[in-house]
Amino acid sequence: EFELNSNCTLSYIRTITASLGGGVGLTAKDSNTLIVGSINIGTGGNDDFVLMEVDISSNVAVLTPLFSTGNTTVGTGTVTSIGGSVTGDLVYIPSSNTIAVAITNISNIAITSTPPYITGTSFNEVVHYSYSGTVLGQASLPIGSVNSHSMFCYGGQVFVSSSAGHQLFDLTNYTLSP
C-alpha cells in the first residue's frame, strides 16, 4: 500500500498479502474495502468469473465473492452466449451502494478444441448492478469502441471513457451520452 503525497510522490505504507489470481478492474468501496472484477474462482459454471470484495483492513486480505457477472464455462460445442466478463473497469457508487461494470458479451459462439477455440460476435456494454448482483440496467457502448474502458464516479454520476470518447452513463434511463 502506498500513499500519494501532495507533491505527487509516493510513500510506502505497508504490504498486504492477497491471493487473487488475477482480475480485471478495481474500485474502492471505502478505505478498507476494494472490489476487483473477473476473478476466476475455478469452480465451473456461472461462478468462474466473479466480482470479489477484498477487505484490506489488516496485512492479510480477506476475499469475499460478491456475484458472477454472467460468464459460463462450457466444453466444446455451440452455445447461445457467454457474457459478462469484465474487460474494462468497474466503479462503486456510494450514494446507491451499487456497482457499474464495463463488460464484454459474446453471442452466437462456437467452441472448438482447435484454434481459434472460440468464435462469435462480441459487444461491449456498461451494466449497473445492485451490490447483491441484480442487474438494474445496462447500455451498449458504441460500435468501434474497444476494451480498456476506464470509469469513474463523481457526484453520484458515472463516466465511461473508451476509444469512442468520454460518456456519461445515465443511471436512470440507462443511456450513454457525450
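Quick caveat, the model's predicted, so the values are computed rather than measured.

Calculation rules
Residues numbered from 1 in each chain as written. Predicted model: local features only at pLDDT ≥ 70, side-chain atom pairs only at ≥ 80, totals over all residues. Heavy atoms only, no water. Buried < 20%, exposed > 50% of the residue type's maximum accessible area, 1.4 Å probe, protein only. Pairing = 2+ DSSP bridges. Helix = DSSP H or I, 4+ residues; strand = E, 2+ residues; numbered from the N terminus. pLDDT = per-residue confidence, 0-100. Contact = heavy atoms within 4.5 Å. Polar contact = N/O pair within 3.5 Å; in protein donor to acceptor, adjacent residues only side chain to side chain. Core = buried A, V, L, I, M, F, W, Y, C linked by side-chain atoms within 4.5 Å. Phe/Tyr/Trp six-rings, centres within 6.5 Å; stacked < 30°, edge-to-face > 60°. Lys NZ or Arg CZ within 6 Å of the ring centre and 35° of its normal.

Visitor: How should I be thinking about unusual backbone geometry in this particular structure?
Guide: Glycine aside, negative phi is the norm for most residues, and most peptide bonds take the trans geometry. At C8, a position not held by glycine, the phi torsion is positive, near 65 degrees. Backbone geometry places N97, a non-glycine residue, at a positive phi of 55 degrees. Since its relative accessible area comes to 33%, N97 is described here as partly exposed.

Visitor: When you look at the sheet that holds strand β13 (residues 165-169) in this model, what are you seeing that I'm missing?
Guide: Strand pairs in the sheet, formed through backbone hydrogen bonds, run parallel or antiparallel to each other. Strand order in the open sheet made by the four strands is β11-β12-β13-β14, with antiparallel pairing throughout. The two strands at the open ends of the sheet, each matched to only one other strand, are β11 (150-154) and β14 (176-177). Bridging between β11 and strand β12 (residues 157-162) involves five bridges; their strand directions are antiparallel. Residue S150 lies in a different strand from β12, and its bridge partner there is S161.

Visitor: Mind showing me how you'd approach the confidence of the model for the protein here?
Guide: Interpretation of the predicted coordinates at a detailed level should be avoided for regions scoring low in pLDDT. In the predicted model, the protein carries a mean pLDDT of 77, and the fraction of residues at 70 or more is 69%. Predicted confidence in the protein is weakest over strand β7 (residues 77-93), with a mean pLDDT of 67, and strongest over strand β2 (residues 10-12), with 94. Long-range and interchain partners of residues 71-82, a stretch whose pLDDT sits below 50, account for 36 contacts in this model, where long-range means more than four residues apart.

Visitor: Help me understand the side chain of S161, please; the structure alone is not making it clear to me.
Guide: Along the chain, the position of S161 falls in strand β12. Accessibility expressed as a relative area gives 12% for S161, which makes it buried. There is a polar contact of 2.5 Å between the side chain of S161 and the side chain of H166.

Visitor: For this particular structure, what's the right way to read the nonpolar core?
Guide: Counting 13 residues, the largest nonpolar core has A100, V126, M151, V158, V160, F169 and L176 as its most contacted members. Contributing elements (two or more residues each) for this core: β7, β8 (98-111) and β12. Those residues in contact with V126, other than ones at most four positions away along the chain, are A100, V101, A102, G137, Q138, A139, L141, M151, V160 and F169. Of all hydrophobic cores here, the second largest spans 12 residues; its members include L51, V86, L90 and V101.

Visitor: Which parts of the structure should I look at to understand the packing of aromatic side chains?
Guide: Centre distance and the angle of the planes are the two values used to describe a pair of aromatic rings. Counted by the stated rule, this structure contains five aromatic pairs. The interplanar angle of 85 degrees and the centroid separation of 6.1 Å between the aromatic rings of Y92 and Y131 together place this pair among those described as edge-to-face. Of this pair, Y92 sits in strand β7 while Y131 sits in the loop between β9 (118-130) and β10 (135-140), and the two are 39 residues apart along the sequence. By relative accessible area, which is 9% here, Y92 ends up buried. What makes Y131 buried here is its relative accessible area of 16%. Ring plane angle 15 degrees and centroid distance 5.0 Å describe the contact between F152 and F159, whose orientation is recorded as stacked. Taking relative accessible area as the criterion, F152 reaches 43% and is therefore assigned partly exposed. By relative accessible area, which is 24% here, F159 ends up partly exposed. When the ring centre of Y131 is taken as origin, the NZ or CZ atom of K29, which lies over that ring, is 4.2 Å away.

Visitor: Would you mind showing me how to read the environment of G23 here?
Guide: Summarising the element assignment, G23 is placed in the loop between β2 and β3 (26-30). For G23, a relative accessible area of 43% gives the class partly exposed. Put simply, G23 and V86 are 63 residues apart on the chain and 8.5 Å apart in space, counted from C-alpha to C-alpha.

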